[in-house]
Amino acid sequence: MAKKGILLINLGSPRSTAVEDVKEYLDEFLMDEKVIDYRWIFRALLVQGIILKTRPAKSAQAYKTVWTDEGSPLIVITKKIQKKLQKLVDVPVEIGMRYAEPGIETGIRNLVEKGITEIVLFPLYPQYAMSTTETVIEKAEEIRKKKFPGIRISYVQPFYNRDLYTNCLAESIREKLPENFDALLFSYHGVPERHIYKTDPTKTCNMNDCCYKDKHPSHSFCYRHQCFNTTDLVIRKLGLPKDKVIVSFQSRLGKDKWIEPYTDHTLETIPGKGVKNLAIVCPAFVSDCLETLEEISVEGKEQFLEAGGENFTYIPCLNDEDRWIDVIRILCEEQLNQFYLV
Ligand SMILES: C=CC1=C(C)c2cc3[nH]c(cc4nc(cc5[nH]c(cc1n2)c(C)c5CCC(=O)O)C(CCC(=O)O)=C4C)c(C)c3C=C
Ligand SMILES: [Fe+2]
Ligand SMILES: [Fe+2]
């Protein structure tokens, strides 16, 4: 009888805040052709010839501001999720990071060493993106074929519009919203527009109205739509009027056009439009990390206050909240049961 296990996947962090370690991590991350999708030679020229000359020192400084005694927040939180989930399920649970260690291969090996032959792999990203969900699946399949041909892997699908997830997110936000706020900003990680056109099998997304529509053929692979959709579902559950809600996209890199509106521009302009008291949440991330703890909570706050904002409340990610661990359990169990059907 096949033995089953769960592998939780997150993005990964450098092994330490030393510039060399950050450089190694950024090299692996940005040389992934699902992240910087240029031909190898152009990617290498951009990443190794330009970005890695200056960015590692800057990023290392930023990582130092969020690092804890136990390590990177993203890894520490993913381990906490693993521990809590392990208490709820009777199959082994391991973690793996897409970049750096513990990697996806380490995670699969840890399960295989426990006799597991069927793995439910859960990319911890609510919305589908080529640079997250897709690269995780591609990497896991590459490793399975090369190193573990005898095992089967099934994948938990993006859950951006699942009731159990949006209920959980809405409840979590409700508890942390300040009493008085002029707007709630949903800031999602951005991606280059090109990625969305590239992964749209219907070639119908035009980055305009279609992303906001309830139904459109491009939606299953449109990250921008999925972010708007998560927002809509959550604000309906919170009972918030649409005019109190803003959506924007953060963490741009390079000169390409990324999906809009941009979070930094938004933070700089909304105080002038009367938004003085802001609450902000980052639902592309299930665990707090550099991009939320530094880019939003520190830099973003500064931008907002300098532009005339008065109160800035950052609402943490779901992290290891019990209700979220229960959602993870249910999504994994659905997939564990799928093994019986194939
Ligand atoms: C929804 C999740 C994410 C998407 C989509 C994503 C796309 C994406 N990211 C970069 C470049 C960088 N991202 C960095 C950090 C980072 N990104 C995510 C998630 C998504 N990225 C997370 C969780 C983190 C934090 C990691 C941590 O250790 O805490 C960084 C590194 C940090 C820095 O130097 O600022 C870069 C670079 C691109 C280019 C991209 C899509 C094309
Ligand atoms: Fe990123
Ligand atoms: Fe779209």
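Residues numbered from 1 in each chain as written. Chains lettered and ligands numbered in written order. Predicted model: local features only at pLDDT ≥ 70, side-chain atom pairs only at ≥ 80, totals over all residues. Heavy atoms only, no water.

Applicable threshold: UniProt positions are given in the numbering used here, feature names are shortened, and annotations may be inferred rather than shown by experiment.
Going by what an unreviewed UniProt entry lists, the protein is known as Ferrochelatase and is assigned to Chryseobacterium bernardetii. Heading Function (unreviewed entry) of the UniProt record for the protein holds this comment: "Catalyzes the ferrous insertion into protoporphyrin IX." Looking at the protein in UniProt, the text filed under Subcellular location (unreviewed entry) is "Cytoplasm".

**Re the overall build of the protein**
The cut-off we apply is this: To qualify as a helix, a DSSP run of H or I must reach at least 4 residues; to qualify as a strand, a run of E must reach at least 2; elements of each kind are numbered from the N terminus. Only the C-alpha atoms count toward the radius of gyration. The rule for a globule is 2.2 Å times the residue count to the power 0.38. Working definition: with a 1.4 Å probe on protein chains only, accessible area under 20% of the residue-type maximum means buried, over 50% means exposed, and in between means partly exposed. Whether two residues are in contact is decided by their heavy atoms: any pair within 4.5 Å suffices. Surface accessibility follows the Shrake-Rupley procedure with a 1.4 Å probe radius. Residue values consider only the protein chains on display as shielding. When charges are tallied, Lys and Arg are placed among the positive residues and Asp and Glu among the negative ones, while His and the ends of the chain are skipped. Where a charge lies is defined by one atom per residue type: Lys uses NZ, Arg uses CZ, Asp uses CG and Glu uses CD.
Per the secondary structure count, the protein includes twelve helices and eight strands. Computed over its C-alpha atoms, the radius of gyration of the protein comes to 20 Å, within 12% of the 20 Å expected for a compact globule of 342 residues. Taken along the three principal axes of its C-alpha coordinates, the protein extends 65 × 45 × 45 Å. Burial statistics for the protein: of 342 residues in total, 56% are counted as buried. Put simply, of all contacts in the protein between residues at least 6 apart along the chain, 74% involve residues at least 24 apart. Accessible surface, the protein as shown: approximately 15,700 Å² in total, 52% of it carbon and sulfur. In the protein, the 46 positive side-chain charges and the 49 negative ones have mean positions that sit 4 Å from each other.

**Description of the state of the cysteines**
Condition: Note that a disulfide, as used here, is simply two cysteine sulfur atoms within 2.5 Å.
For the coordinates displayed, the defined rule picks out zero disulfides. Residue Cys210 stays outside any disulfide, its sulfur separated by 3.8 Å from that of Cys205, the closest cysteine. For Cys210, a relative accessible area of 4% gives the class buried.

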